[in-house]
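Breakdown of the fold
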Amino acid sequence: MKKNISGFSKLSKNEKIDWLIENHFNNQNSFRKILMQYWNSNSELQNLHDDFIENSISNYYMPLAISPNFIINSKYYTIPMVIEESSVVAAASKAANYWSCKGGFKSEILSFEKLGHVHFIYDGSYNELSSFISIIKPVLFKETSHITNSMKKRGGGILSIDLIDKTDKIKNYYQLKVIFNTIDSMGANFINSCLEKFSEILITKSNEYQIFLKKKNKIKIIMSILSNYLPNCIVKASVKCEINLLDKENKISRKEFAEKFVQAVNIAKIDPYRAVTHNKGIMNGIDSVVLATGNDFRAVEANAHAYSSRNGKYSSLSNAWIENNEFNFELKIPLSIGTVGGLTNIHPLVKWSLKLLNNPDAKELMEITAAVGLAQNFAAIRSLITNGIQKGHMKMHLINILNQLNASSKQKEKAIKHFKNKNISHQSVNNFLNSL
């Protein structure tokens, strides 16, 4: 049984690896080699990466790809995408090309509010607490001005502060709900700094304002934290065209394609089993852009899935309908992403990706990202209701299978030609290589 180690974070990177190889890999140096072959030969760049997180021992590479031909709000974009799934970039590119000659994607910001809470317990009456909060609101704004001044100069800051009564859920539980505009930053550090200062002020002022709060009734802070669920930070992306302008599919008419497409989306609206997979496809596109631009994809995922359950049942994030012989498809999704702060100023590939997008502000990046999510969703549904998802997916996956089977360059070339119009599986590829 391995022993716990204390002070691990204080070891050098090589010392950490020594400990790993000795305690987990039986001193087999081949495992050390795997880690070290992913180190960057540029020591300055490697040191930058090592500083991103604690206990860094190597780099974990994911492909950075581009998807051209996106027309969004009448502007041309080439989209940076970071993802490991083989068919995602191909699908996005295909959808971008499909809609580029039909007016492209339209995106717009519907609302732009960030949110955080001070969670606390108060065992007195709501009225006395409400009076106290009303009196100290100006103090809360004033005593956080050293945090908010820079944001306010750019047009952001704290928008509102409200007392929320949650005593019907948990005894004596209240929230101080604070709404923010963080302009071009995702704003997590800014929001949390403000909220923690509010906590200090609540405690300090509750001892001063005894006229409003009875001495025996104390405010007890539980925690102060931003919320990653942001139902009022919404972006909408959409496409539409007359049914007779849709591309001709091999097996079905344009009208049948539009009708089947709407039915497929409606299924995802009422069936959570389908909705989860449906929304996962949307997030394939969104996460890849979020990663490429150095944003928090975990927060984006949590936000999107919470929003899809806002009506009490998990449902599709996108919607489709036919009106006046016109096909309509749209996505509404909450997105909290930024173009300043975090990795955006220090990771070279993040800066490169933002430059590729012509250095958008946060709202434009939201619009771009939502359009890519809609494109991904369109490509997936189009495949599902026509040829099926596996034909295109497995063609893209063929290279991965060939690499798993250690195929040579000549074998890969022959396999790609052989499977051009055939079904692909791991076994069928293995059999083909054996036949060679």
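Residues numbered from 1 in each chain as written. Predicted model: local features only at pLDDT ≥ 70, side-chain atom pairs only at ≥ 80, totals over all residues. Heavy atoms only, no water.

Across its full length, the chain holds 15 helices and 10 strands. By its C-alpha atoms, the chain is 90 × 70 × 40 Å across when sized along the principal axes. Taking all contacts inside the chain whose residues are at least 6 apart in sequence as the whole, residues at least 24 apart take part in 71%. Here the chain contributes 54 positive and 37 negative side-chain charges, whose respective centroids are spaced 4 Å apart. (Helix = DSSP H or I, 4+ residues; strand = E, 2+ residues; numbered from the N terminus. Contact = heavy atoms within 4.5 Å. Lys, Arg positive; Asp, Glu negative; His and termini not counted. Charge placed at Lys NZ, Arg CZ, Asp CG, Glu CD.)

Next up on the list: empty space enclosed by the protein. Counted by the stated rule, this structure contains two cavities of 30 Å³ or more. Counted as a void, the second largest cavity has a volume near 30 Å³. In this structure, the second largest cavity is lined by M186, N228, L230, A299, V300, N303 and S336. When grouped by side-chain class, the residues that make up the lining of the second largest cavity number four nonpolar, three polar and no charged. (1 Å grid on protein atoms, 1.4 Å probe; cavity = no way out; pocket = protein on both sides within 12 Å on 5 of 7 lines; lining within 4 Å. Points joined across faces, edges and corners; volume = space filled by probe spheres on them. Nonpolar A, V, L, I, M, F, W, Y, C, P; charged D, E, K, R; others polar.)

Another point: the nonpolar core. F70, F261, F329 and I333 are the most contacted members of the largest nonpolar core, which totals 66 residues. Ranked by residues supplied to this core, first place goes to helix α12 (residues 362–385) with 13 residues. With near-sequence residues (within four places) excluded, F329 lies in contact with A237, S238, V239, F261, V265, S318, N319, A320, L374, N377, F378 and I381. Listed in part, the 29 residues of the second largest apolar core include V139, L195, I219 and A299. (Core = buried A, V, L, I, M, F, W, Y, C linked by side-chain atoms within 4.5 Å. Buried < 20%, exposed > 50% of the residue type's maximum accessible area, 1.4 Å probe, protein only.)

Structurally, D50 can be placed in helix α3 (residues 43–50). Within the structure, D50 has its side chain in polar contact with the side chain of Q46 (distance 2.9 Å). (Polar contact = N/O pair within 3.5 Å; in protein donor to acceptor, adjacent residues only side chain to side chain.)

Time to look at the layout of surface pockets. Approximately 1,400 Å³ is the volume found for the largest pocket. Lining the largest pocket we find 45 residues, and of these H49, F52, L291, L343 and H347 sit closest to its centre. Looking at the lining of the largest pocket, the elements with two or more residues in it are α2 (29–36), α3, α7 (188–208), α9 (272–292), α10 (297–307) and α11 (348–356). By residue number, the principal contributor to the lining of the largest pocket is α11, which donates four residues. Its residues assigned to classes, the lining of the largest pocket shows 24 nonpolar, 19 polar and two charged.

Let us now look at the sheet that holds strand β5 (residues 157–165). Pairing is antiparallel across the open sheet formed by four strands, whose spatial order is β5-β6-β4-β7. In this open sheet, the two strands that pair with only one neighbour each are β5 and β7 (219–226). With direction set aside, neighbouring strand axes in the sheet form an average angle of 20°. Across the sheet, helix α5 (residues 126–142) is in contact with β4 (114–122), β5, β6 (173–181) and β7; its angle to β5 comes to roughly 170°. (Pairing = 2+ DSSP bridges. Axes fitted to C-alpha atoms, helices over the stretch in contact; angles between N-to-C directions.)

Here we come to the packing of aromatic side chains. Enumeration over the complete set of coordinates arrives at 17 aromatic pairs. A ring pair is formed by F120 and Y174, whose centres lie 6.0 Å apart and whose planes are at 20°; its orientation type is stacked. Remark: Y174 occurs in strand β6 and F120 occurs in strand β4; sequence separation between them is 54 residues. With respect to burial, F120 and Y174 carry one shared label: buried. Here F261 and F329 contribute two aromatic rings whose centre-to-centre distance is 4.9 Å and whose plane-to-plane angle is 80°, an arrangement assigned as edge-to-face. Linking F261 in helix α8 (residues 254–270) with F329 in strand β10 (residues 326–334), this pair joins segments that are 68 residues apart in sequence. With respect to class, F261 is no different from F329; both count as buried. Taken together, the aromatic side chains of Y98, W99, F257, F261, F327, F329 and F378 make up a single cluster linked through ring pairs. When the ring centre of W39 is taken as reference, the NZ or CZ atom of K13 above it lies at 4.0 Å. One cation-aromatic arrangement involves K16 over F8; the distance from NZ or CZ to the ring centre is 5.9 Å. (Phe/Tyr/Trp six-rings, centres within 6.5 Å; stacked < 30°, edge-to-face > 60°. Lys NZ or Arg CZ within 6 Å of the ring centre and 35° of its normal.)

Taken as a whole, this structure holds 12 salt bridges when the rule is applied. Put simply, K280 and E85 hold a salt bridge, and the shortest N to O gap is 2.8 Å. Here K280, found in helix α9, pairs with E85, found in the loop between β2 (75–82) and α4 (88–100); they are 195 residues apart in sequence, far enough to count as distant. Taking relative accessible area as the criterion, K280 reaches 39% and is therefore assigned partly exposed. A residue is classified by how much of its surface remains accessible, and E85, at 23% relative accessible area, is partly exposed. (Salt bridge = Lys/Arg side-chain N within 4 Å of Asp/Glu carboxyl O.)

This brings us to the side chain of S315. Considering the arrangement of structural elements, one finds S315 in the loop between α10 and β9 (318–323). A residue is classified by how much of its surface remains accessible, and S315, at 16% relative accessible area, is buried. Looking at S315, its side chain comes within polar contact range of the main-chain oxygen of K269, at 2.8 Å. Sequence-distant contacts of S315, defined by excluding residues within four places in its chain, comprise A268, K269, A275, N279 and S308.

Residues F31, I34, Y38 and Y61 make up a contiguous nonpolar surface patch of about 370 Å² in total accessible area. Positionally, Y38 belongs in the loop between α2 and α3. (Patch = residues over 30% accessible without salt bridge, like charges linked within 9 Å, V, L, I, M, F, W, Y side chains within 5 Å. Areas by Shrake-Rupley, 256 points an atom, 1.4 Å probe, with all protein chains shown as cover.)

Strands sit in the order β3-β8-β10-β9 across an open sheet of four strands; the sheet is antiparallel. What marks the edges here is a single partner per strand, and that holds for β3 (106–109) and β9. Each strand of the sheet is rotated relative to its neighbour by a mean of 20°, with strand direction disregarded. Bridge count between β3 and strand β8 (residues 234–242): four bridges; the pairing is antiparallel. What sits directly across from S107, in β8, is A237. Relative to the sheet, α8 contacts β9 and β10, its axis offset from that of β9 by approximately 145°.

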